[in-house]
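Structural overview for review
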Amino acid sequence: MIWEAWLTLAVVTLAVLVLTRDLISPAVAFMAAVVVLLVAGVVTPAEAFQGFSNPAPITVAALYVLARAVEKSGALHPIVRATLGTAKSVRGALARMTVPVAAASAFVNNTPIIAMLSPQIGEWADRRGDSASRYLMPLSFAAILGGMTTLIGTSTNIVVSGLLEADGYEPFTMFELTRTALPMALAGLVITILASPRLLPDRLPPRQEARTGGRSFSVRMIIEPGGPLDGLRMDEAWSALPKGATMVYFERDGEGAGQPHPDTVLGGGDFLTMLGDTDVVLKLHDVSGLASSQQPHLPFEFRSARHAYFEAVIAPESRLVGKSLIDIRFLARYQATVVAIHRAGEPVHGHLAKAPLKPGDTLMVIADQGFGERWRGRNDFLLVSRLGAPAPPLSPKAVIVLAVAAAIVLGAAFQLLPILHLSLLGALALVVFGILSPNEAKDAIDFDVIVVIGAAFGLAAAVTSSGLGEGTATLVADTLGGLGPQGAMAGIIIITVTLSSIITNNAAAALVLPIAMSTAADFGIGARAAAVAVALSASASFMTPIAYQTNLMVYGPGGYHFGDYARLGTPLTLLVMAALIVVTTTG
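Here the structure is a predicted model, which means the values were calculated and not measured.

Here we take up the overall build of the chain. Counting its regular elements, the chain contains 26 helices and nine strands. Expressed as a percentage of contacts within the chain between residues at least 6 apart in sequence, the contacts between residues at least 24 apart total 78%. Element-wise, carbon and sulfur atoms account for 62% of the exposed surface of the chain, whose accessible area totals about 23,100 Å².

The geometry of helix H4 (residues 55–73) relative to helix H9 (residues 155–166) is characterised by a closest axis approach of 8 Å and an angle of 155° between their N-to-C directions. The angle between H4 and H9 places the two elements in the roughly antiparallel class. In terms of crossing hand, the pair formed by H4 and H9 is right-handed. For the pair formed by H4 and H9, the contact residues are Pro-55, Ala-56, Thr-59, Val-60 and Leu-63 on the first element and Ser-155, Ile-158, Val-159, Gly-162 and Glu-165 on the second. Across the contact of H4 with H9, the residue classes break down as six nonpolar, three polar and one charged.

If the charged atoms of two oppositely charged side chains come close together, the side chains can form a pair. This model, assessed by the stated rule, comprises eight salt bridges. The residue Glu-176 makes a salt bridge to Arg-528 at a minimum N-O spacing of 2.8 Å. Placement of Glu-176 in the loop between H9 and helix H10 (178–199) and of Arg-528 in helix H24 (residues 527–538) is noted, with a sequence separation of 352 residues between them. The exposure class assigned to Glu-176 is partly exposed, which follows from its relative accessible area of 26%. Between Arg-233 and Asp-235 there is a salt bridge, with the nearest N and O atoms lying 3.2 Å from each other. Look at Arg-233 and you get partly exposed, because its relative accessible area is 32%.

The next thing to look at is the packing of aromatic side chains. Enumeration according to the criterion identifies eleven aromatic pairs in this entry. Taking 6.3 Å as the distance between ring centres and 65° as the angle between the ring planes, the aromatic pair formed by Phe-141 and Tyr-565 counts as edge-to-face. Of the two residues, Phe-141 sits in helix H8 (residues 136–147) while Tyr-565 sits in helix H26 (residues 564–586), which places them 424 residues apart along the sequence. Classification of Phe-141 by relative accessible area gives buried; the value is 0%. For Tyr-565, a relative accessible area of 0% puts it in the buried group. Between Phe-330 and Tyr-334, the aromatic rings sit 4.5 Å apart at their centres with planes inclined by 35°, giving tilted as the arrangement. Residue Phe-330 and its partner Tyr-334 are both found in helix H15 (residues 330–334); the two are separated by four residues, about one turn of the helix. Like Tyr-334, Phe-330 is buried. Counting every residue linked through ring pairs, the aromatic cluster contains Phe-310, Phe-330, Tyr-334, Phe-371, Trp-375 and Phe-381.

What follows covers helix H21 (residues 468–480). Helix length check: H21 (13 residues) gives 18 Å between terminal C-alpha atoms against 18 Å at 1.5 Å per residue, within 8%. Looking at the buried positions of H21, the neighbouring elements they touch are helix H1 (3–20), helix H20 (447–465), helix H22 (484–502) and helix H23 (505–522).

Summed over all chains, the structure comprises two cavities of 30 Å³ or more. Approximately 40 Å³ is the volume found for the second largest cavity. Looking at the lining of the second largest cavity element by element, the count peaks at three residues for H8.

The next subject is the nonpolar core. Core analysis: the biggest nonpolar cluster contains 149 residues, and Phe-30, Leu-66, Tyr-135 and Ile-503 have the highest contact counts within it. With twelve residues, the single largest contributor to this core is H20. The contacts of Tyr-135, once residues within four sequence positions are left out, are Val-90, Ala-93, Leu-94, Met-97, Ile-121, Trp-124, Ala-125, Arg-128, Asp-130 and Tyr-560. Core analysis: the second largest hydrophobic core is formed by 25 residues, Ile-314, Leu-352, Leu-357 and Val-384 among them.

The rules behind these values
Residues numbered from 1 in each chain as written. Predicted model: local features only at pLDDT ≥ 70, side-chain atom pairs only at ≥ 80, totals over all residues. Heavy atoms only, no water. Helix = DSSP H or I, 4+ residues; strand = E, 2+ residues; numbered from the N terminus. Contact = heavy atoms within 4.5 Å. Areas by Shrake-Rupley, 256 points an atom, 1.4 Å probe, with all protein chains shown as cover. Axes fitted to C-alpha atoms, helices over the stretch in contact; angles between N-to-C directions. Parallel < 35°, antiparallel > 145°, perpendicular 65-115°, else oblique. Left-handed = near helix turned anticlockwise from the far one by under 90°. Nonpolar A, V, L, I, M, F, W, Y, C, P; charged D, E, K, R; others polar. Salt bridge = Lys/Arg side-chain N within 4 Å of Asp/Glu carboxyl O. Buried < 20%, exposed > 50% of the residue type's maximum accessible area, 1.4 Å probe, protein only. Phe/Tyr/Trp six-rings, centres within 6.5 Å; stacked < 30°, edge-to-face > 60°. Expected span 1.5 Å × (residues − 1). 1 Å grid on protein atoms, 1.4 Å probe; cavity = no way out; pocket = protein on both sides within 12 Å on 5 of 7 lines; lining within 4 Å. Points joined across faces, edges and corners; volume = space filled by probe spheres on them. Core = buried A, V, L, I, M, F, W, Y, C linked by side-chain atoms within 4.5 Å.

The structure is reproduced here in structure tokens:
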């Protein structure tokens, strides 16, 4: 390879490494990579920024507006009714949940679907004496499978379609991917429904899990001086605590901190870090002689009707990642107070306000009633749900939203207009009809995703023009060519799945597509078949919670551990890979 190819490889590798360590956001990483390659002369300005004039990012932005209108209007409310049924068995309940979610995800961005259903399923499972962990991961996987089946089901399909168009090919039609993806999605749903009760860890109901380190929040409490607990031994104070509470950490000014001991005599001002589910955390605030360490920051009369408790899941690109609540000045910035933190797989010891936060951490906050509306859909939180809130009502304007969505789908299916035109007309109609205000439409767009898509086109151009794509294709052919076209495409699909597990699936698809096209040409495989393989394998985001945003949205609320995703995700990933190898080499 020439020096341009080596430089492109080094820049792309560095960007991937930076992203795996969560040092900077994907948008910054990929734009920085494009700028370096532009300055080095690997790509021209037109090549570097061609993505921002391509229909793909504009189409994705318009579809974000549609998704926000669907969420706001409650147009998904019928799905909630269809999902939360009275099935007696876990598999019966999974069938009721996953099928409508997969169907809806084929036409609507799956993020609002999971955002709305996740808290409702948590409440429903709790009423059944069941664990939400049985249902939330399969729900996310169903949304991913459904999104693979149409052009607008996931932004990755739109990105690959845009890259095809930029290379002089016809873009994907609305249902071009359906012939390949629908059988895979149906088979994936069957595997999910039948296998998840066996493959997912057998979680206990939430109140019991709190005593075994499962779905538990860490909360820091203080012994009130002169209160009923002041002067009691630790084991004596235990009887005053709600059932399900677990002490994990003890702090006393001047004497350091450590594990609690039954003979320790509690004194006013001592701090206790405790574990418990949401009900336990709320009850701890009612124990006489015990107060939240955040008491000075709690609103006066915080039990009033003006305030409510919320769960907020931290997004990977959130400004909170790597910072503590003190660093970010959480109260001033969000007008809310964090009273507890849930981190999957480990308790948060010590001063909660000083602990660096991680993607997927779930914060229990107390705030005014408008907290959810202010921060839902922003980049800081993947999911904001009010504890105990009922399902959102169905707005009279939901009919208009559904009509706009249907017009986009049918118009694209019958090729009346390009998907770009239809999605922009749909977004404009939603504002004109008053479903969303202009500001709401603007806030609905995840501009970080749009920047990543635009930059990914520039990186794809660099991979092609530098010769890196052709060189990598030659390496794949030399390594796996002895296995024929099946071996070569297996290599491409494995690379795509691996990349999409550690960086965004849009970026993975854009980086691998030039390599796939060169490899396909070497083995007599059609260019469109290779593009379909890249699009669908990039969407096979089942192996880790960080592989896709809906996986991370249910990570904290489900009480999952990182490795839980591979249990159910492995058979689904193998299914997609095997199906794509067969389809691309025999079609």
